[in-house]
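These are the residues of each chain, in order.
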Amino acid sequence: MFFLFLLHVLFIGLPKNETTMAEGLREVGYTTGMIGKWHLGVGRNGTHLPRQHGFDYYFGIPYTHDACPCTTCFYPDQPCRKQCHSSEEWVGCPVMENEKIVQQPVDLTTLQENCDTAAVKFIKESAATEKPFFLYYAIHHTHWPQYAGKATRNISIAGPLGDSLREVDNAVGAVFQALRDTGNYYNTFFFFTADNGPDLEQGYWGGSAGPFRCGKTTTWEGGFRVPAVAWWPGRIKTGRTTKFATVLDLLPTFFNLAGAEIPQDSDLNFTYLQMVN
């Protein structure tokens, strides 16, 4: 497992011939930023990091935070529910800003706060240039080991997992407040979703799929059917839908809205999400 993960970090990454949202949007004048979990490779000398795939700015851990030793997860000094990896055998997770390591090992009790600060900074600095901007915020929550900082510790009736989810709430709130502060509240398309269902092997700590069967790593509905919120005042009507869509539809939808060129050599069957007036 260690050898395979090392190969993944050092050599394997998103192919350079794949067009990312950031690359396409930057071509039509967008400033592009990414915060949080990259997990698409690091490479020798950072050859697979986000700024090599169209992002102007990056802040976060470049892979999943359970791939490193974890000791303290809940403010101020509560240990993690279970150990990820031995600190004697594994190197601590780095927090990176662009290609520079700004913290190692990561302090999980301040990670979300620092990511929120970076997201707000990106929005405000991008808005100041009066250019359009694109922010991809891949929040590390609520992948195990869950964690929570000072602002959310012991405030949820759902316990430690609820405290972790409250950090997600705070992150969304910070983004919306930055949009208000910069005058972009009404002209920004916001899309919120998850990449998979609950990790049921973790029990309570893995979350719940509600009425759906199974969870993460399965092809039952509980594994891949996730909530999604599309928000754009004046452009998206209030309501809900159960129509089928996937995250693969986001790239052509964003490109269509921004006037970016859809890759002609892709094997993907692109579908536009018909939700914007």
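Structure report, in brief. Worth saying up front: this structure is predicted, and the values here are computed from it rather than measured.

1. Topic: the pattern of salt bridges
Counted according to the given criterion, the structure contains six salt bridges. Among the salt bridges present, the one from R153 reaches D163, with a minimum N-O distance of 2.7 Å. You can see R153 sitting in the loop between strand 7 (133–138) and helix 4 (159–181) and its partner D163 sitting in helix 4, a full ten residues away along the chain. When sorted by exposure, R153 lands in the same class as D163, which is buried.

2. Re the sheet that holds strand 2 (residues 57–60)
Taken in spatial order, the five strands line up as 6-5-2-1-7 in an open sheet, and their pairing is mixed. At either margin of the open sheet sits one strand with a lone partner, and together these are strand 6 (100–103) and strand 7. Neighbour to neighbour, the strand axes of the sheet diverge by 20° on average, direction disregarded. Each of strand 1 (31–36), strand 2, strand 5 (95–97), strand 6 and strand 7 is contacted by helix 3 (residues 108–128), which is oriented at about 175° to strand 7, the strand it contacts most.

3. A look at the packing of aromatic side chains
Tallied over the full model, the rule gives 16 aromatic pairs. The interplanar angle of 90° and the centroid separation of 6.3 Å between the aromatic rings of F122 and F133 together place this pair among those described as edge-to-face. Taken together, the positions of F122 in helix 3 and F133 in strand 7 put the pair eleven residues apart, joining distant regions of the chain. For F133, a relative accessible area of 16% corresponds to the buried category. Considering the side-chain rings of F176 and W231, the 4.7 Å spacing of their centres and the 90° angle between planes classify their relative orientation as edge-to-face. With F176 in helix 4 and W231 in strand 9 (residues 228–231), this residue pair connects regions lying 55 residues apart in the sequence. Taking relative accessible area as the criterion, F176 reaches 13% and is therefore assigned buried. Members of the aromatic cluster, connected to one another through ring pairs, are W38, F55, F134, Y136, F189, F191, W232 and F254. One cation-aromatic arrangement involves R213 over W220; the distance from NZ or CZ to the ring centre is 3.9 Å. The ring centre of W232 lies 4.3 Å from the NZ or CZ of R235, which sits over that ring.

What counts, and at which threshold
- Residues numbered from 1 in each chain as written.
- Predicted model: local features only at pLDDT ≥ 70, side-chain atom pairs only at ≥ 80, totals over all residues.
- Heavy atoms only, no water.
- Salt bridge = Lys/Arg side-chain N within 4 Å of Asp/Glu carboxyl O.
- Helix = DSSP H or I, 4+ residues; strand = E, 2+ residues; numbered from the N terminus.
- Buried < 20%, exposed > 50% of the residue type's maximum accessible area, 1.4 Å probe, protein only.
- Pairing = 2+ DSSP bridges.
- Axes fitted to C-alpha atoms, helices over the stretch in contact; angles between N-to-C directions.
- Contact = heavy atoms within 4.5 Å.
- Phe/Tyr/Trp six-rings, centres within 6.5 Å; stacked < 30°, edge-to-face > 60°.
- Lys NZ or Arg CZ within 6 Å of the ring centre and 35° of its normal.

Function cannot be read off these values alone, since they describe shape.
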